[in-house]
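Per-entry structural report
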Amino acid sequence: TLSIIDVAEDSVITTLPVGDIPTDMTLDGDYDLWVYCKGYAEYESNPPYNLVRETEARLVKINTGNNMILWSGVVGMAGDNTGTPPKLTISADGKNLYYLRPDGVYSIDAIQPALPGTRILEGNFYGLDVNPATGELFVFRSSFSSSGSMFIFDPLTLDTDTFAVGIGPSAAVFSLK
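The structure presented is a predicted model; accordingly, all values stated were derived computationally and were not measured. (Residues numbered from 1 in each chain as written. Predicted model: local features only at pLDDT ≥ 70, side-chain atom pairs only at ≥ 80, totals over all residues. Heavy atoms only, no water.)

**What to know about the nonpolar core**
- In this structure, Trp34, Tyr36, Leu59, Leu88, Leu97, Tyr99 and Ile108 are the most contacted members of the largest nonpolar core, which totals 13 residues.
- Broken down by secondary-structure element, the contributors of at least two residues to this core are strand S4 (33-37), strand S7 (56-63), strand S8 (68-77), strand S9 (88-90), strand S10 (96-101) and strand S11 (104-109).
- Residues Tyr98, Leu121, Leu128 and Val139 belong to the second largest nonpolar core, which totals eleven residues. (Core = buried A, V, L, I, M, F, W, Y, C linked by side-chain atoms within 4.5 Å. Buried < 20%, exposed > 50% of the residue type's maximum accessible area, 1.4 Å probe, protein only. Helix = DSSP H or I, 4+ residues; strand = E, 2+ residues; numbered from the N terminus.)

**What about the side chain of Arg58?**
- Locating Arg58 in the fold gives a position in strand S7.
- There is a polar contact of 2.9 Å between the side chain of Arg58 and the side chain of Ser72. (Polar contact = N/O pair within 3.5 Å; in protein donor to acceptor, adjacent residues only side chain to side chain.)

**Structural notes on the pattern of salt bridges**
- Under the criterion given, the structure shown has six salt bridges.
- Here Asp32 ties to Lys61 by a salt bridge, and the two come within 3.9 Å at their closest N and O atoms. Taken together, the residues Asp32 in the loop between strand S3 (22-27) and S4 and Lys61 in strand S7 connect sequence positions 29 residues apart. The exposure classification of Asp32 matches that of Lys61, with both residues buried.
- The partner of Arg119 in a salt bridge is Asp103, and the shortest N-O contact between them spans 3.1 Å. Residue Arg119 is found in strand S12 (residues 118-122), and its partner Asp103 is found in the loop between S10 and S11; the two are separated by 16 residues along the sequence.
- What makes Asp103 partly exposed here is its relative accessible area of 32%.
- Among the ionic contacts, a cluster of salt bridges with common partners joins Asp103, Arg119 and Glu122. (Salt bridge = Lys/Arg side-chain N within 4 Å of Asp/Glu carboxyl O.)

Remember that the coordinates give geometry; whether it matters functionally is a separate question.
This is the structure:
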């Protein structure tokens, strides 16, 4: 669930059922809130740790003015997120939502969403952010034993630059000075 809290009163205004295990959120250009729910996966407790059951991974769009769910769509199953964390971000203009799946980076229209999304970058990635000044996507391929990689992808020109970065990269921070 997603709880909306009145911080002045320290009380819950409402609680919305968004999907199992919400993990990431972003605001679009209309100030609607997007929530990525990775779903619930249960595995056997002994090797080889087979998947026993799982629920859907979902994207949910919420109107922040009236706290109503505007749209919800299934983007996979919980077991898909074993090696790919569910991450999402919004384009610099607030019109396109980008999210990670095990086979790449996907995009959907944030104003009129429809699935399946369009895969715009193929690969298995561990992090995702958008430079709010340029609109470029910063996508990370992680390694936990050696240097990882950072890809800077321009969704308009489809140009990609790749750089070696440190161990376990998963996010970028931008200064807007």
